[in-house]
Amino acid sequence: MKNILFAVLLCVASSLYAADGYKVGDVARDFTLKNVDGKMVSLASYPDAKGVIVVFTCNHCPYAKAYESRVIGLHKAFASKGYPVVAINPNDPAAYPEDSFENMAKRAKEKSYPFAYVFDETQDIAKSYGATRTPHIFLLKKNADKYEVAYIGAIDDNSESADAVKEKYVEQAIAALVSGKAPTVSTTKAVGCGIKWKK
Amino acid sequence: MQSTSWYYGRTRFLGGFCLFFFAALCLSANLVAQASKPTAGKSGVSKKAAKPLVEVITFDRLQALMQPNPDTVRVINFWATTCRPCIEEMPSFDRLHREYSLSKDGQKTVQVLFVSLDFKRDIDTKVVPFVKKRGIAAPVVFLGPPKSAEIDGVDASWSGSMPATLIIGAKAGQRAFYEKKLEYEELKDFVKTYLFP
């Protein structure tokens, strides 16, 4: 009896935690979220883009902080080639006041973010995309007026040290898209801070 | 193993000014080491280093620790000093360790293992002081941020967020993975399913 109960429990648990959200190849929804400069930002705000590097990130998380300069680097390297970064903070500031909109604006100013840093206040976008942690990257490829998910996962294979990186997943995925191919590695995982969902 | 075995407690004794005091301090260090770790050899003399408070392990070693054991239910918790929900749930795991790690009447035990995924540079400055300060009873090992394939190797369903917990029963196939914070009663119920199947 206990076995059956446990099996049922497991099924319920696994359905709850099954990766909802996007898989590679899915069409990603657009959004309209407030940027740190007060303006609203959408995927449609980038009419000339060939794709968008969507980065779910935040202020407080040490893994996100470790990647901050690398995210800036990605935008600097690829925005001019048609792949800008859009950083989205999905965290509930009630859990971490450091992740409030005011503190996002402060951080963006301090570090001169060259990209949009928007606030997913309702957390709907993080849920639709299936983001679970910060940082969590969704590389989108523009196909006519739709954005297709081309890569999901980590920026590279070493969160602690940029110098020790062996595989630059996002760069390799963009290089593949630029040459008209599908990324060889289209999904990776990395540890990060769980998104702080509203209670 | 020896190359990764570090002993953290002795650095504070490096302040001796003369040979006599230095010798006395070394002796007291050994006594402390032996008192807290009865199985440790004569540290400083023997080549066998005392067991470190936080052992640095490789993923291969973790995989060995993830194998089912007929006498025990393994509870492996992935955490970091910077992860608040992880820290909040640690006392529940430690309580489980205190209540079930010793066998009563030949019953299966529960072996709790905390696996730190902190950055390597934070072992001495954050992880070890944290474990000392909190007086964590269950063993703590340090893995560091795992690679993509290693996260899959722990569990295919793990997206990489913390806290995360893997429970492995004594029999093959008894396995559950939770990518969320667990409360004590919940944790105990999960473990009991494998302890008294």
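Conventions we followed
Residues numbered from 1 in each chain as written. Chains lettered and ligands numbered in written order. Predicted model: local features only at pLDDT ≥ 70, side-chain atom pairs only at ≥ 80, totals over all residues. Heavy atoms only, no water. Helix = DSSP H or I, 4+ residues; strand = E, 2+ residues; numbered from the N terminus. Expected span 1.5 Å × (residues − 1). Bend = angle between axes of the 7 residues up to and from the residue. Buried < 20%, exposed > 50% of the residue type's maximum accessible area, 1.4 Å probe, protein only. Core = buried A, V, L, I, M, F, W, Y, C linked by side-chain atoms within 4.5 Å. Contact = heavy atoms within 4.5 Å. Salt bridge = Lys/Arg side-chain N within 4 Å of Asp/Glu carboxyl O. Buried area = accessible area lost by both parts, 1.4 Å probe. Nonpolar A, V, L, I, M, F, W, Y, C, P; charged D, E, K, R; others polar. Pairing = 2+ DSSP bridges. Axes fitted to C-alpha atoms, helices over the stretch in contact; angles between N-to-C directions.

> Explain helix 2 (residues 62-78) of chain A here, please?
In an α-helix, one turn spans 3.6 residues; hence positions three or four apart end up facing the same way. Residue and element names in this part refer to chain A. Counted at 1.5 Å a residue, the expected span for helix 2 with its 17 residues is 24 Å, and the 24 Å between its end C-alpha atoms agrees. In the structure, helix 2 departs most strongly from a straight axis at glutamate 68, where the bend amounts to approximately 45°. Judged by how many residues are buried, helix 2 sits mostly within the fold: 12 of 17 residues are covered. Restricting attention to buried positions, one finds in helix 2 the residues Pro62, Tyr63, Ala64, Ala66, Tyr67, Glu68, Arg70, Val71, Ile72, Leu74, His75 and Phe78.

> Which parts of the structure should I look at to understand the nonpolar core?
One recurring pattern in soluble globular proteins is that nonpolar side chains are buried together. Among the nonpolar cores identified, the biggest contains 63 residues, and B:Leu62 and B:Phe78 are the most heavily contacted of them. Among residues more than four places away in sequence, those in contact with B:Phe78 are B:Leu62, B:Cys86, B:Val115, B:Leu117, B:Val154, B:Trp158, B:Met162, B:Pro163, B:Ala164 and B:Leu166. Counting residues in hydrophobic clusters, the runner-up holds 29 residues, among them A:Leu74, A:Ala108, A:Leu139 and A:Ala154.

> Help me understand the pattern of salt bridges in this model?
It is possible for side chains of opposite charge to pair when their charged atoms get near one another. Tallied over the full model, the rule gives 12 salt bridges over all chains. A salt bridge links A:Lys189 to B:Asp152, with the shortest nitrogen-to-oxygen separation between them at 2.6 Å. With A:Lys189 in the loop between helix 5 (169-178) and strand 10 (192-194) and B:Asp152 in helix 5 (residues 148-154), this residue pair bridges two chains. Residue class for A:Lys189 comes out buried when judged on its relative accessible area of 15%.

> Which parts of the structure should I look at to understand the interface of chain A and chain B?
The extent of an interface is frequently quoted as the accessible surface area lost upon association of the parts. Contacts between the two partners involve 25 residues from chain A, matched on the other side by 32 residues from chain B. Buried surface at the junction of chain A and chain B, summed over both partners, amounts to about 2300 Å²; 55% is from carbon and sulfur atoms. The interface formed by chain A and chain B includes 2 salt bridges. The set of elements that each furnish at least two residues to the side of chain A that touches chain B consists of helix 1 (2-17), helix 2 and strand 10 of chain A. Considering each element in turn, the side of chain A that touches chain B owes the most residues, 5 residues, to helix 1 of chain A. Within the side of chain A that touches chain B, the residues separate by chemical class into 13 nonpolar, 6 polar and 6 charged. Note: strand 10 of chain A against strand 5 (residues 161-162) of chain B, 2 bridges, orientation parallel. Within strand 5 of chain B, the residue paired with A:Cys193 across the bridge is B:Met162.

> What should I look at first to understand the sheet that holds strand 6 (residues 164-168) of chain B in this one?
Two orientations exist for strands paired in a sheet by backbone hydrogen bonds: parallel and antiparallel. Residues and elements named next belong to chain B. Strand order across the open sheet formed by 6 strands is 1-4-3-2-6-7, with mixed pairing between neighbours. The open sheet is flanked by strand 1 (54-56) and strand 7 (175-178), the only strands paired with a single partner. Pairs of neighbouring strands in the sheet enclose a mean axial angle of 20°, with direction left out of account. Here strand 2 (residues 72-79) pairs with strand 3 (residues 109-116) via 8 bridges, running parallel. If you follow valine 73 over to strand 3, its bridge partner there is valine 110. Packed onto the sheet, helix 3 (residues 84-100) meets strand 2, strand 3 and strand 6 and runs at close to 150° relative to strand 3. Packing against the sheet, helix 4 (residues 123-134) makes contact with strand 1, strand 2, strand 3 and strand 4 (140-142), and its axis sits at approximately 140° to strand 1.

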